[in-house]
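# Report on the structure
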Amino acid sequence: MNIPLNKKAALLQISDQCVMCGMCAPHCPTYTKHHNEAESPRGRIALISALLQDKLPLSDQLKQHLDSCLSCRACEASCPSGVKYGELLDGIRAVQRAEEGASNPAKERLLKTLASGKTLRNSAKLIRLAQRSGTYALLSKGIERFIIEQPHISELLPVQLPARKNWDKQYPAIGEERGRISLFTGCVADICDQNTLQDAITLLTHIGFRVDIPTQQGCCGALHHHAGDTASSQQLAEANIEAFSDDEDQPIIHCATGCGAHLMEYRQQLNTPKANQFSIKVDEISHFLLSNGIQKLTFEPLNKPVSIHLPCTQRNVLKQSATPFELLELIPSLKSTPLAGNNHCCGAAGSYMLEQPQMAQQLRQDKLDALQQSQSQIVVSSNIGCAMYLAAGIRQQGLSVDVIHPISLLVRQLIH
Ligand code: SF4
Ligand code: SF4
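Residues numbered from 1 in each chain as written. Chains lettered and ligands numbered in written order. Predicted model: local features only at pLDDT ≥ 70, side-chain atom pairs only at ≥ 80, totals over all residues. Heavy atoms only, no water.

### Remarks on the pattern of salt bridges
Within this structure, the stated rule accounts for 16 salt bridges. As a salt-bridge pair, Lys 33 and Asp 366 come within 2.8 Å of each other at their nearest N and O atoms. Residue Lys 33 is located in helix α2 (residues 29–34), and its partner Asp 366 is located in helix α22 (residues 357–374); the two are separated by 333 residues in the primary sequence. Judged by its relative accessible area of 32%, Lys 33 is partly exposed. Overall, Asp 366 belongs to the partly exposed group, its relative accessible area being 37%. Two residues, Arg 180 and Glu 177, come together in a salt bridge whose shortest N-O distance is 2.7 Å. Here Arg 180 falls in the partly exposed class, since its relative accessible area comes to 38%. One continuous salt-bridge network, built from bridges that share partners, spans Asp 60, Lys 63 and Glu 100. (Salt bridge = Lys/Arg side-chain N within 4 Å of Asp/Glu carboxyl O. Helix = DSSP H or I, 4+ residues; strand = E, 2+ residues; numbered from the N terminus. Buried < 20%, exposed > 50% of the residue type's maximum accessible area, 1.4 Å probe, protein only.)

Pasting the structure below:
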């Protein structure tokens, strides 16, 4: 492979840190399903190392082993040697893309749609119109094929995309202002899940924060970065850094751990003082609320079992697995339990659910079975991608389970 020497050396330095102990294997969802070494973290690291040293060609089989990785980083979180697997995989994907160009037109279309707020909003308008007029079932194949170019996307979308509202630039604190935050609204969340964003505004203003919503913000670029599209992901990161640059000290709050994990890694990605300054201000909504006085609000009791789904980014990147449990403890009588199998990815994994539907569905089925066993009627998840993918599976199986963000459950129970 034709790899710049400094890039090759940096990636080899990461792969050389792997001592091949295999302790990550039981944490890897693809290894657990296949029991094939090439589908394990250790196997993939060995393949990447051989590729970097020109000991193996970039064959279709090798690509398949890399493509079937979920980028869930469970291996990284469990590795005693501190191997930065995520950086290695993203690095080799960028090399692969530079070598071969963009090889998947459908994925390119998706990345372009996400990067352009306008295209995303226009596509959503069309889908909303078709859903409202009752023609969506008829048009969905055409929409999937010609507009979004993703064969499984219709299954993922809510049955009725909510009407989109435009955000105000500012939402004043209720009562005395204690501080100000900037809210990151994301791309898909701002189309499919404005309720969660509204709930964040409700809780933040109730505990005395003014909420600012910078208008020039856009997609975080996580999917572009993990696809090796370095140019687009850098462009999106720089645009967001600029959009949030008005106030140097204002925390930047996100409501999706997938986006948040990437926002926090702008500093590694761009390695500039501005990116560093941006990333250190990023905080996850539940974590921020718990550290800033949510305890002073009162909530109606809820005498129902609630399952907590932990997204990979919350467990393995933010390392905040306890946060949703602590947050839901604020609701009297609520009995929260971890969803069985929380140590494994639900299969959503960015655009993985669209590209590797078979493996993704196997992993999701484990979650749906666990949900049925739990008999919970509510499951909370702090990441929009996981929530949409779980909700789609729940709909398909005809289960009666509500998938919501933990902060939305708090708002439902809030005593004003
Ligand atoms: S990635 Fe870490 S845990 Fe896995 S085999 Fe290598 S050193 Fe061991
Ligand atoms: S990122 Fe996840 S799927 Fe990929 S090798 Fe690591 S544990 Fe396995």
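Structure shown, so let's carry the discussion forward.
### Brief notes about the site of ligand 1
In the vicinity of ligand 1, the residues found are Cys 18, Val 19, Met 20, Cys 21, Gly 22, Met 23, Cys 24, Arg 42, Ile 45, Cys 79, Pro 80 and Ser 81. A per-class count over the shell around ligand 1 returns 9 nonpolar, 2 polar and 1 charged. (Near = heavy atom within 4 Å. Nonpolar A, V, L, I, M, F, W, Y, C, P; charged D, E, K, R; others polar.)

### So, the site of ligand 2
Around ligand 2 sit Cys 28, Pro 29, Thr 30, Pro 41, Arg 44, Cys 69, Leu 70, Ser 71, Cys 72, Arg 73, Cys 75 and Tyr 85, and that is every residue in its neighbourhood. Elements with a minimum of two residues in the shell around ligand 2: α2 and α3 (41–52). Class assignment for the residues of the shell around ligand 2 results in 8 nonpolar, 2 polar and 2 charged.

### Observations regarding the packing of aromatic side chains
Using the criterion set out here, one finds 4 aromatic pairs in the structure. On the basis of an interplanar angle of 35° and a centroid distance of 6.3 Å, the ring pair of Phe 184 and Phe 244 is categorised as tilted. You can see Phe 184 sitting in strand β2 (residues 179–184) and its partner Phe 244 sitting in the loop between α14 (230–243) and β4 (252–254), a full 60 residues away along the chain. The same class applies to Phe 184 and to Phe 244, which are both buried. Here the aromatic rings of Phe 244 and Phe 278 are separated by 6.0 Å at their centres, their planes lie at 80°, and the arrangement is edge-to-face. Of this pair, Phe 244 sits in the loop between α14 and β4 while Phe 278 sits in helix α17 (residues 273–280), and the two are 34 residues apart along the sequence. Aromatic rings pair up to connect Phe 184, Phe 244, Tyr 266 and Phe 278 into one cluster. The residue whose ring lies beneath Arg 364 is Tyr 389, and the NZ or CZ to ring-centre distance is 4.0 Å. (Phe/Tyr/Trp six-rings, centres within 6.5 Å; stacked < 30°, edge-to-face > 60°. Lys NZ or Arg CZ within 6 Å of the ring centre and 35° of its normal.)

### What to know about the domain arrangement of the protein
Along its sequence, the protein is carved into domain 1 (5–100), domain 2 (105–156), domain 3 (170–290) and domain 4 (298–413). For domain 1 versus domain 3, the separation of C-alpha centres amounts to 30 Å. Taken together, the contact pairs 5 residues of domain 1 with 7 residues of domain 3. Counting the surface lost from both domain 1 and domain 3, the interface buries some 560 Å², and carbon and sulfur atoms represent 39% of this. (Domains from an automatic or database assignment. Contact = heavy atoms within 4.5 Å. Buried area = accessible area lost by both parts, 1.4 Å probe.)

### A short note on the sheet that holds β4
The sheet built from 5 strands is open, its strands ordered β1-β3-β2-β4-β5 with mixed pairing. Each of the sheet's edge strands pairs with one partner strand only, and the pair in question is β1 (170–171) and β5 (282–284). Inspection of the sheet shows β1 paired to strand β3 (residues 209–212) by 2 bridges, in the antiparallel sense. Bridge pairing links Tyr 171 to Val 211 in β3. Contacts between helix α15 (residues 257–264) and the sheet are confined to β2, β4 and β5, with β5 contributing the most and set at about 155° to the helix. (Pairing = 2+ DSSP bridges. Axes fitted to C-alpha atoms, helices over the stretch in contact; angles between N-to-C directions.)

### Here's the deal with the packing of helix α1 (residues 5–16) against α3
Between two packed helices, both the angle of their axes relative to each other and the distance between the axes serve to describe the pair. In contact at an axis separation of 10 Å, α1 and α3 are set at 150° when each is read in the N-to-C sense. When the axes of α1 and α3 are compared, the pair comes out roughly antiparallel. Crossing of α1 over α3 shows left-handed handedness. Here α1 contributes Lys 8, Leu 11, Leu 12 and Ser 15 to the contact with α3, which in turn contributes Ile 45, Ser 49 and Leu 52. Along the lines of polarity and charge, the residues of the contact of α1 with α3 split into 4 nonpolar, 2 polar and 1 charged. (Parallel < 35°, antiparallel > 145°, perpendicular 65-115°, else oblique. Left-handed = near helix turned anticlockwise from the far one by under 90°.)

### A closer look at α22
Along its 18 residues, α22 runs 25 Å from first to last C-alpha, staying within 8% of the 26 Å computed at 1.5 Å per residue. Three or more residues of α22 are buried, namely Met 359, Ala 360, Leu 363, Arg 364, Lys 367, Leu 368, Ala 370 and Leu 371. Lining the buried residues of α22 we find α2, β6 (305–308), α21 (352–355), β8 (378–380) and α23 (384–396). Note on α22: the residue one or two positions beyond its end, Gln 375, has a positive phi of about 60°. (Expected span 1.5 Å × (residues − 1).)

### A look at the pairing of β6
One ladder, built from 4 bridges, connects β6 with strand β7 (residues 335–338); its direction is parallel. Within β7, the position partnered with Ile 308 by the bridge is Pro 338. Sheet topology note: the β6/β8 ladder contains 3 bridges and is parallel. Residue Val 306 lies in a different strand from β8, and its bridge partner there is Ile 378.

### Here's the deal with the sheet that holds strand β9 (residues 402–404)
Here 4 strands make up an open sheet; going across it, the order is β7-β6-β8-β9 and the pairing parallel. A single partner strand is all that each edge strand has here, and the edge strands are β7 and β9. Adjacent strand axes in the sheet meet at a mean angle of 30° when their direction is disregarded.

### Section: the side chain of His 405
Examined against the element boundaries, His 405 turns out to sit in the loop between β9 and α24 (406–413). Relative accessible area serves as the criterion here: at 5%, His 405 is assigned to the buried category. Filtering out sequence-adjacent residues up to four positions away, His 405 remains in contact with Thr 196, Cys 255, Glu 284, Ile 285, Ser 286, Val 380, Ser 381 and Ser 382.

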